[in-house]
Amino acid sequence: MIDFKLDPKSGSPFYRQIIDQIKFGIAAGNLKTGEQLPTVRALAVDLKVNLNTVAKAYKELEIQNVLATQQGTGTFISDIKIEIPTSEKQNKLQEICSEFSAIAFSYGFSVEDMIQQLQKLKSR
């Protein structure tokens, strides 16, 4: 299971962030075929968003055959292979790094400080 994180400052709607995280989770192998996702209500409560936000994300992913909902049982990852294009991965990484570096720079950290910390995290 993935740990959903929503960023209100990203400029991307919450439902789109949920969709992206599910797709990236499948592409990275963190979400497997047949794995059950939280219910719409449970995820909405966990993320502190409106039920309709999660329902919209799940519905769009159902239309794309990424998710399958079984009445009374739940929502599951369908048997679909998702490959995120390299350009999309690079854009996402650039977005994450830009936000990360802006915050770090505002606290007075240097690029070298960030690299050292990232290397420490990697070696865990």
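Residues numbered from 1 in each chain as written. Predicted model: local features only at pLDDT ≥ 70, side-chain atom pairs only at ≥ 80, totals over all residues. Heavy atoms only, no water.

The protein is annotated in an unreviewed UniProt entry as GntR family transcriptional regulator of Adhaeribacter swui.

S.K.: How should I be thinking about the domain arrangement of the protein in this particular structure?
M.R.: It is common to give the size of an interface as the accessible area that goes away when the parts come together. The domains assigned to the protein are domain 1 (14-77) and domain 2 (86-123). The straight-line distance from the C-alpha centre of domain 1 to that of domain 2 is 27 Å. (Domains from an automatic or database assignment.)

S.K.: What is the right way to read the pairing of strand S3 (residues 74-77) from this model?
M.R.: In summary, the side chains of a regular strand alternate between the two faces of the sheet. On S3, burial covers both faces: Gly74 and Phe76 on one face and Thr75 and Ile77 on the other are all buried. Bridge count between strand S1 (residues 36-37) and S3: two bridges; the pairing is antiparallel. Its bridge partner being in S3, glutamine 36 is matched across the sheet by phenylalanine 76. In the sheet, strand S2 (residues 67-70) pairs with S3 via four bridges, with the strands oriented antiparallel. (Buried < 20%, exposed > 50% of the residue type's maximum accessible area, 1.4 Å probe, protein only. Helix = DSSP H or I, 4+ residues; strand = E, 2+ residues; numbered from the N terminus. Pairing = 2+ DSSP bridges.)

S.K.: Looking at this structure, how should I read the pattern of salt bridges?
M.R.: For side chains of opposite charge, pairing can occur when their charged atoms come near one another. All chains considered together, the criterion is met by six salt bridges. Its salt-bridge partner being arginine 16, residue glutamate 60 comes within 2.8 Å of it at the nearest N-O pair. Here glutamate 60, found in helix H3 (residues 51-63), pairs with arginine 16, found in helix H1 (residues 14-27); they are 44 residues apart in sequence, far enough to count as distant. Assessed through its relative accessible area of 25%, arginine 16 is described here as partly exposed. A salt bridge links aspartate 20 to lysine 92, with the shortest nitrogen-to-oxygen separation between them at 3.9 Å. (Salt bridge = Lys/Arg side-chain N within 4 Å of Asp/Glu carboxyl O.)

S.K.: Honestly, unusual backbone geometry in this entry has me stumped. Any pointers?
M.R.: Positive phi values are uncommon outside glycine, yet lysine 48 reaches one of about 60°. Mapped onto the elements, lysine 48 comes out in the loop between helix H2 (40-47) and H3. Positive phi is not limited to glycine here, since asparagine 65 has a value of about 60°. Here asparagine 65 is to be found in the loop between H3 and S2. Under the relative-accessibility criterion, asparagine 65 is labelled exposed at 52%.

S.K.: Any chance you could explain H3 here in plain terms?
M.R.: Residues separated by three or four positions in an α-helix point in the same direction, a consequence of the helix having 3.6 residues per turn. Counted at 1.5 Å a residue, the expected span for H3 with its 13 residues is 18 Å, and the 18 Å between its end C-alpha atoms agrees. On the buried face of H3, the contacting elements are H1, S1, H2, S2 and S3. Where H3 starts, the residue carrying a side-chain oxygen 2.7 Å from the main-chain nitrogen of asparagine 52 turns out to be asparagine 50. (Expected span 1.5 Å × (residues − 1). Contact = heavy atoms within 4.5 Å. Polar contact = N/O pair within 3.5 Å; in protein donor to acceptor, adjacent residues only side chain to side chain.)

S.K.: What is the right way to look at H2 in this model?
M.R.: Here H2 has its buried residues at Leu43, Ala44 and Leu47. Axial view of H2: buried residues confined to an arc of 100°, hence all on one face. Summarising the geometry of H2, the exposed residues directed more than 90 degrees from the buried face are Arg41, Val45 and Asp46. Those residues of H2 that are buried lie in contact with H1 and H3. Downstream of H2 by one or two residues, lysine 48 has phi in the positive range, about 60°. (Arc of directions from axis to C-beta.)

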